[in-house]
Amino acid sequence: RENQMEIWFEEFKGAIPSLVVDRELIERVFCNLIINAIKYGDRGSTIRVEPRAVEDGFQVAIKNYGIGIEESEAEQVFRPNFRAPAAIRRKVGNGLGLTISRAAMRRHGGDLQLSRLKDPTIFTMCFPKQLRYQKIDRS
């Protein structure tokens, strides 16, 4: 509300099946990415959460328009305690959210990628297809 932003979720049903994951860890990843999008996004902009199936699994892209990330900082954003100068000027933080989020995704056999630096900035959660929930036939 303070930033007059909207969060728009594309339909997950049909794009991503039920996955076997540590719910708390994945919720934390979603929260970290959405909070970052709010903190560093432009006032009045829309944050988009877009799920999709891909050849090797499933992805969820979190997109926002805001300060973006400089090319020289792209790999550093996942390092513990790293905060870009523009981020420091914008909001308070400790530089651990992306580190924790990437570790959580890798713990699931997936990854967290910085897919686009700016206009929009896109972080993509990548889930391997092996996490797809399979019902066991006990007949």
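Whatever comes next refers back to the structure up there.
Residues numbered from 1 in each chain as written. Predicted model: local features only at pLDDT ≥ 70, side-chain atom pairs only at ≥ 80, totals over all residues. Heavy atoms only, no water.

Novice: Explain the pattern of salt bridges here, please?
Specialist: Once their charged atoms are close, side chains differing in charge can pair, the charge on each being opposite to the other. Evaluated as defined, the whole model comprises 7 salt bridges. Close ionic contact of R48 with E50 constitutes a salt bridge, the shortest N to O distance being 2.7 Å. Put simply, E50 and K63 hold a salt bridge, and the shortest N to O gap is 2.7 Å. In this pair, E50 is assigned in strand β2 (residues 46–54) and K63 in strand β3 (residues 57–64), connecting sequence segments 13 residues apart. Overall, the relative accessible area of 22% leaves K63 in the partly exposed class. (Salt bridge = Lys/Arg side-chain N within 4 Å of Asp/Glu carboxyl O. Helix = DSSP H or I, 4+ residues; strand = E, 2+ residues; numbered from the N terminus. Buried < 20%, exposed > 50% of the residue type's maximum accessible area, 1.4 Å probe, protein only.)

Novice: Is there a simple way to explain the nonpolar core in this structure?
Specialist: The nonpolar side chains of a soluble globular protein tend to be buried with one another. Grouped together as the largest cluster of nonpolar side chains are 28 residues, with contacts concentrated most on L33, V60, I62, L112, F123, M125 and F127. When residues of this core are traced back to their parent elements, those giving at least two are α1 (23–40), β2, β3, α3 (97–107), β4 (111–116) and β5 (121–128). Among the elements that make up this core, the one with the highest residue count is α1 (7 residues). The residues touching F127, leaving out its near neighbours within four places in the chain, are L19, V21, I26, D56, G57, F58, V60 and M105. (Core = buried A, V, L, I, M, F, W, Y, C linked by side-chain atoms within 4.5 Å. Contact = heavy atoms within 4.5 Å.)

Novice: Can you help me understand the sheet that holds β4 in this one?
Specialist: Sheet strands pair via backbone hydrogen bonds, and the direction of the pair is either parallel or antiparallel. One open sheet holds the 5 strands; their spatial order is β1-β2-β3-β5-β4, and the pairing between them is mixed. For this open sheet the edge positions go to β1 (6–9) and β4, each flanked by a neighbour on one side alone. When the angles between neighbouring strand axes are averaged without regard to direction, this sheet yields 20°. In this sheet, β5 lies alongside β3 in antiparallel orientation, the contact comprising 8 bridges. Considered in β5, the bridge of A61 is made with T124. Across the sheet, α3 lies against β4 and β5, angled at about 120° from β4, the strand it touches most. (Pairing = 2+ DSSP bridges. Axes fitted to C-alpha atoms, helices over the stretch in contact; angles between N-to-C directions.)

Novice: What should I look at first to understand the packing of aromatic side chains in this one?
Specialist: In this description, a pair of aromatic rings is defined by centroid distance and the angle of the planes. According to the stated counting rule, one finds 2 aromatic pairs in the structure shown. Ring plane angle 55° and centroid distance 6.4 Å describe the contact between F12 and F30, whose orientation is recorded as tilted. Of this pair, F12 sits in the loop between β1 and α1 while F30 sits in helix α1, and the two are 18 residues apart along the sequence. Relative to F123, the ring of F78 lies with its centre 6.1 Å away and its plane at 80°, an arrangement referred to as edge-to-face. In this pair, F78 is assigned in the loop between β3 and α2 (85–90) and F123 in strand β5, connecting sequence segments 45 residues apart. Among the residues examined, F78 registers a relative accessible area of 8% and is labelled buried. Note on F123: relative accessible area 10%, which makes it buried. Here the guanidinium or amino end of R102 rests over the ring plane of F78, the centre of that ring lying 3.6 Å away. (Phe/Tyr/Trp six-rings, centres within 6.5 Å; stacked < 30°, edge-to-face > 60°. Lys NZ or Arg CZ within 6 Å of the ring centre and 35° of its normal.)

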